[in-house]
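One-letter residues, chain by chain:
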Amino acid sequence: MLFDPNIKPNVYVKDYQHLSWKLENVKYIFKENPSNKTVHVSELIGDDWFYKWVPSTPIFISAQTGTGKNYFVQNELIPKILEHNRQNNDNRQILVLSNRIALNYQNKLALAKIIDRYSGNSKQSYVEQIQKLTDEQFNNFSNFGSVKISSYHQLLSQKFRSQHFDFVVIDECHFFTQDSTFNADTEDILDFIINQYQNAVRIYISATLDDVLPIILTEEQNYTIPDNIKYIPDYTY
């Protein structure tokens, strides 16, 4: 099965107040906050995730609005991977999945600016590219070099669906329960993500994990780990 007894999925949470239960096969990581100050996701995770997160251990990030979930992805995860690629002549690939609303013009433009800044490619500006696109072209634009962006609905038809990725960000993953009542594809999309990207670090993000976490864990456990992935001892944070 997917989860080795010595390895538990890592769930980063600010506190347990917005979780109605606690699963035994999950390693919860949170910071004591006696002063009631806002603990941002980047503080919770730290800066060693690049070396400790592995495909055999799904990552779940649950925090309320305003605690920096998107900030971590846009200003920590993507820049660090792009800097690694530039400094080491590497080609780590990132896939960012989200709903259609989250992939609007402003959000894509903000992400394009970050990619331009850290990719080190002075000959190609993604900001300039998307500013020249028509609305239809913009909606279909997904290739930002080492970073690919897709809505959940586009994923099953995207040409890079068979591409290798090192990190897959599954943003607003409560999509798999909230949309399931009127979208017959949600189960197929989740199955596809887990099966197709077994060699990638899968990062599930949501402000509301209560309903969807047991579903995703069940699906994750339905797949075996490929022989080329080795287990790493439990993490300490």
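What counts as what
Residues numbered from 1 in each chain as written. Predicted model: local features only at pLDDT ≥ 70, side-chain atom pairs only at ≥ 80, totals over all residues. Heavy atoms only, no water. Helix = DSSP H or I, 4+ residues; strand = E, 2+ residues; numbered from the N terminus. Buried < 20%, exposed > 50% of the residue type's maximum accessible area, 1.4 Å probe, protein only. Contact = heavy atoms within 4.5 Å. Areas by Shrake-Rupley, 256 points an atom, 1.4 Å probe, with all protein chains shown as cover. Expected span 1.5 Å × (residues − 1). Bend = angle between axes of the 7 residues up to and from the residue. Pairing = 2+ DSSP bridges. Core = buried A, V, L, I, M, F, W, Y, C linked by side-chain atoms within 4.5 Å. Axes fitted to C-alpha atoms, helices over the stretch in contact; angles between N-to-C directions. Left-handed = near helix turned anticlockwise from the far one by under 90°. Phe/Tyr/Trp six-rings, centres within 6.5 Å; stacked < 30°, edge-to-face > 60°. pLDDT = per-residue confidence, 0-100. Parallel < 35°, antiparallel > 145°, perpendicular 65-115°, else oblique.

(A) Examining the overall build of the protein more closely. The secondary structure content of the protein amounts to 10 helices and eight strands. With 237 residues in all, the protein has 51% of them scored as buried. Taking the contacts inside the protein whose residues are at least 6 apart along the sequence as the reference set, 73% of them involve residues at least 24 apart. Within the structure as shown, the protein displays about 12,100 Å² of accessible surface, and the carbon and sulfur contribution to it stands at 46%.

(B) Quick look at helix α3 (residues 69–88). End to end, α3 covers 27 Å across 20 residues, agreeing with the expected 28 Å (1.5 Å per residue, within 8%). Largest kink in α3: about 25°, centred on Pro-79. For α3, the set of buried residues is Lys-69, Phe-72, Val-73, Leu-77, Ile-78, Pro-79, Ile-81, Leu-82, His-84 and Asn-85. With its phi angle positive at about 50°, Asn-89 sits one or two positions after the end of α3.

(C) Focus on the pairing of strand β7 (residues 167–170). Side chains of β7 alternate between two faces, with Phe-167 and Val-169 and Val-168 and Ile-170 buried alike. Relative to β7, strand β4 (residues 94–98) runs parallel, the two sharing four bridges. Paired with Leu-95 across the bridge in β7 is Val-168.

(D) Focus on the nonpolar core. Grouped together as the largest cluster of nonpolar side chains are 34 residues, with contacts concentrated most on Leu-77, Ile-78 and Ile-203. Dropping the residues within four chain positions of it, Leu-77 is found in contact with Trp-49, Trp-53, Phe-72, Ile-94, Val-169 and Ile-203. Formed by 25 residues, the second largest nonpolar core is a distinct cluster that contains Ala-200, Tyr-204, Leu-209 and Leu-217.

(E) Inspection of unusual backbone geometry at higher detail. Unusually for a residue other than glycine, Asn-89 sits at a positive phi of about 50°. As for its placement among the helices and strands, Asn-89 is situated in the loop between α3 and β4. When its relative accessible area of 76% is taken as the criterion, Asn-89 is described as exposed. In this structure, Glu-172 takes a positive phi of about 50° despite not being glycine. Mapped onto the elements, Glu-172 comes out in the loop between β7 and α8 (175–178).

(F) Just the packing of α3 against helix α4 (residues 105–119), in detail. Look at α3 against α4: their axes get within 9 Å of each other, and the N-to-C directions meet at 35°. At the point where α3 passes α4, the crossing takes the right-handed sense. Counting all contacts with α3, which are made through Gln-74, Asn-75, Ile-78, Pro-79, Leu-82, Glu-83 and Arg-86, the residues of α4 involved are Asn-107, Ala-110, Leu-111, Ile-114, Ile-115, Tyr-118 and Ser-119.

(G) Broad picture of the packing of aromatic side chains. Going through the model one piece at a time under the given rule, you end up with 15 aromatic pairs. When the centroid spacing of 5.5 Å and the interplanar angle of 45° are considered together, the rings of Trp-49 and Trp-53 count as tilted. Of the residues examined, Trp-49 reaches a relative accessible area of 1% and is grouped as buried. Under the relative-accessibility criterion, Trp-53 is labelled buried at 4%. Where Phe-60 meets Tyr-204, the ring centres are 4.9 Å apart and the plane angle is 15°; that geometry is what we call stacked. Taken together, the residues Phe-60 in strand β3 (residues 59–62) and Tyr-204 in strand β8 (residues 201–206) connect sequence positions 144 residues apart.

(H) Region of the structure containing the confidence of the model for the protein. Model confidence for the protein is summarised by a mean pLDDT of 76, while 70% of its residues fall at 70 or above. Confidence scores differ between elements of the protein, with strand β2 (residues 27–29) showing the lowest mean pLDDT of 57 and β7 the highest of 95. Overall, residues 1–7 carries pLDDT values under 50, and its contacts beyond four positions in sequence, including any with other chains, amount to 26 contacts. The low-confidence segment residues 225–237, where pLDDT is below 50, has 37 contacts with residues more than four positions distant or belonging to other chains.

(I) Summary view of the packing of helix α9 (residues 186–196) against helix α10 (residues 212–221). With their axes 10 Å apart at the nearest point, α9 and α10 run at an angle of 45° to one another. On the basis of their axis angle, the class for α9 and α10 is oblique. In this structure, the crossing between α9 and α10 has a hand that is right-handed. Contact residues: Leu-190, Asp-191 and Ile-194 in α9; Ile-215, Ile-216, Glu-219 and Glu-220 in α10.

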